[in-house]
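# Survey of secondary and tertiary structure
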Amino acid sequence: MTFCRLRTHQWCFILFNVILFHALLFGTDFVEEYFLHSLPYIDVKVLEIKNKARKLNIEPLRSNLSKYYVLSQSEICKGKNIFLLSLIFSSPGNGTRRDLIRKTWGNVTSVQGHPILTLFALGMPVSVTTQKEINKESCKNNDIIEGIFLDSSENQTLKIIAMIQWAVAFCPNALFILKVDEETFVNLPSLVDYLLNLKEHLEDIYVGRVLHQVTPNRDPQNRDFVPLSEYPEKYYPDYCSGEAFIMSQDVARMMYVVFKEVPMMVPADVFVGICAKFIGLIPIHSSRFSGKRHIRYNRCCYKFIFTSSEIADPEMPLAWKEINDGKECTLFETSYELISCKLLTYLDSFKRFHMGTIKNNLMYFLLVCILFLSQPKFHGGDTGGPLH
């Protein structure tokens, strides 16, 4: 009778305990299965690569420098915390261009108090005279890394490998690594501001102008030919255009781990993209990287973008001076000039394409005329009768 006299709150307490008991008894498997299915998929191989990257032993490389580099600048990062390491991929004979970069955007050593280090990445020249000039230039500026391989279009993948290897071995304190071609203008203040806005997301960074569904070149006569045996897929994985891209130090270390497992007979920027896929990375796209395109210059446009390719020597000092003049652009000015420079850039591309087409058509027309005029002329008597 006492049992029946229990009050409502007492009944609720008993009911709660019964439900809790059954949940603990029968619900454990269900909860575990639910959470396991809810967790994102983690590739065990990627975890192994990350673990290897964290435990990299670089000492054999450091102690055998002459096997990999003619000029190494191996002490330049020692004891320094570098925010951005800029590796400018330069051709051995382009000393004039390197000097111009040193006087403009390559002269920056700090942005908003964050240290910047700029170095030039070279392979070996064919000429002994050019090598002597590079040695003198290196003694003067202490900013050249030269790998032991011929600097040629066929060896650009080797160049990428050598320079990422250098960054991992001799500049491990660099938070970010910028790979950029010497033909490219870089707006370092804008780029550093972007990287600072990443805040806590300082790892797994591989950012640039992302190219999507690019097909391998299957023409055996072409310099960029990639045989099916080397890369059988229909498309390359997404990758950042090679003119300029950024990776974080942890990504560089992971790529160093997988270099030997990735096919090398592909373009250098594609090689980096395949490595990124191998380590489970998706490249981050930013349209502020110009890729192959040269952006038609105007001040507010260049203050906003990160890079512009194929910039002429006379244009570089002007662009650098004006984006650092302290004059800020209003939102309206930036919007207007971005539209303007993008439109002019597309018109330039359109013009170049059609000028090429016109030239090809003109050559074809001239060839037809020459062939027509060189044909033997037939007269009535030649055929045994008059022509009607």
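Structure report, in brief.

### Let's talk about the pattern of salt bridges
Evaluated as defined, the whole model comprises 15 salt bridges. Here the residues in one salt-bridge network are Arg-98, Asp-99, Arg-102, Glu-137 and Asp-143, joined through shared partners.

### Considering the packing of aromatic side chains
Going through the model one piece at a time under the given rule, you end up with 13 aromatic pairs. Taking the centre distance of 5.7 Å and the plane angle of 40° together, the rings of Phe-185 and Tyr-302 count as tilted. Placement of the pair is Phe-185 in strand S7 (residues 185–186) and Tyr-302 in helix H10 (residues 299–304), with a sequence separation of 117 residues. The pair Phe-185 / Tyr-302 is uniform in exposure class, with both members buried. Between Phe-289 and Phe-306, the ring centres sit 5.2 Å apart and the planes meet at 70°, which makes this aromatic pair edge-to-face. Linking Phe-289 in the loop between strand S10 (284–285) and H10 with Phe-306 in the loop between H10 and strand S11 (307–308), this pair joins segments that are 17 residues apart in sequence. Here Phe-306 falls in the buried class, since its relative accessible area comes to 0%. Taken together through their ring pairs, the aromatic side chains of Tyr-68, Tyr-69, Trp-166 and Phe-170 make up a single cluster. Between Lys-179 and the ring centre of Phe-89, over which it is positioned, the NZ or CZ distance is 4.8 Å. In this arrangement the basic side chain of Arg-288 is found over the ring face of Phe-304, its NZ or CZ atom lying 4.1 Å from the centre.

### Re the pairing of strand S2 (residues 84–89)
When you tally the buried positions in S2, you get six out of six residues, the bulk of the element. Residue alternation in S2 divides its side chains into two sets, Leu-84, Ser-86 and Ile-88 and Leu-85, Leu-87 and Phe-89, and both sets are buried. Of the strand pairs in this sheet, S2 and strand S4 (residues 114–124) are connected by six bridges, and their pairing is parallel. Within S4, the position partnered with Ser-86 by the bridge is Thr-118. Summarising the sheet, S2 and strand S6 (residues 176–181) pair through six bridges and their orientation is parallel. Residue pairing across strands places Leu-85 opposite Ile-177, the latter belonging to S6.

### Re unusual backbone geometry
Most peptide bonds take the trans form, and the phi angle of most residues other than glycine is negative. The backbone of Asn-142 shows a phi angle near 50°, a positive value even though the residue is not glycine. With respect to the helices, strands and loops of the structure, Asn-142 is situated in the loop between helix H5 (128–141) and strand S5 (144–150). The phi torsion at Asp-204 lies on the positive side, around 55°, for a residue other than glycine. Here Asp-204 is to be found in the loop between helix H7 (188–196) and strand S8 (206–211).

Calculation criteria
- Residues numbered from 1 in each chain as written.
- Predicted model: local features only at pLDDT ≥ 70, side-chain atom pairs only at ≥ 80, totals over all residues.
- Heavy atoms only, no water.
- Salt bridge = Lys/Arg side-chain N within 4 Å of Asp/Glu carboxyl O.
- Phe/Tyr/Trp six-rings, centres within 6.5 Å; stacked < 30°, edge-to-face > 60°.
- Helix = DSSP H or I, 4+ residues; strand = E, 2+ residues; numbered from the N terminus.
- Buried < 20%, exposed > 50% of the residue type's maximum accessible area, 1.4 Å probe, protein only.
- Lys NZ or Arg CZ within 6 Å of the ring centre and 35° of its normal.
- Pairing = 2+ DSSP bridges.

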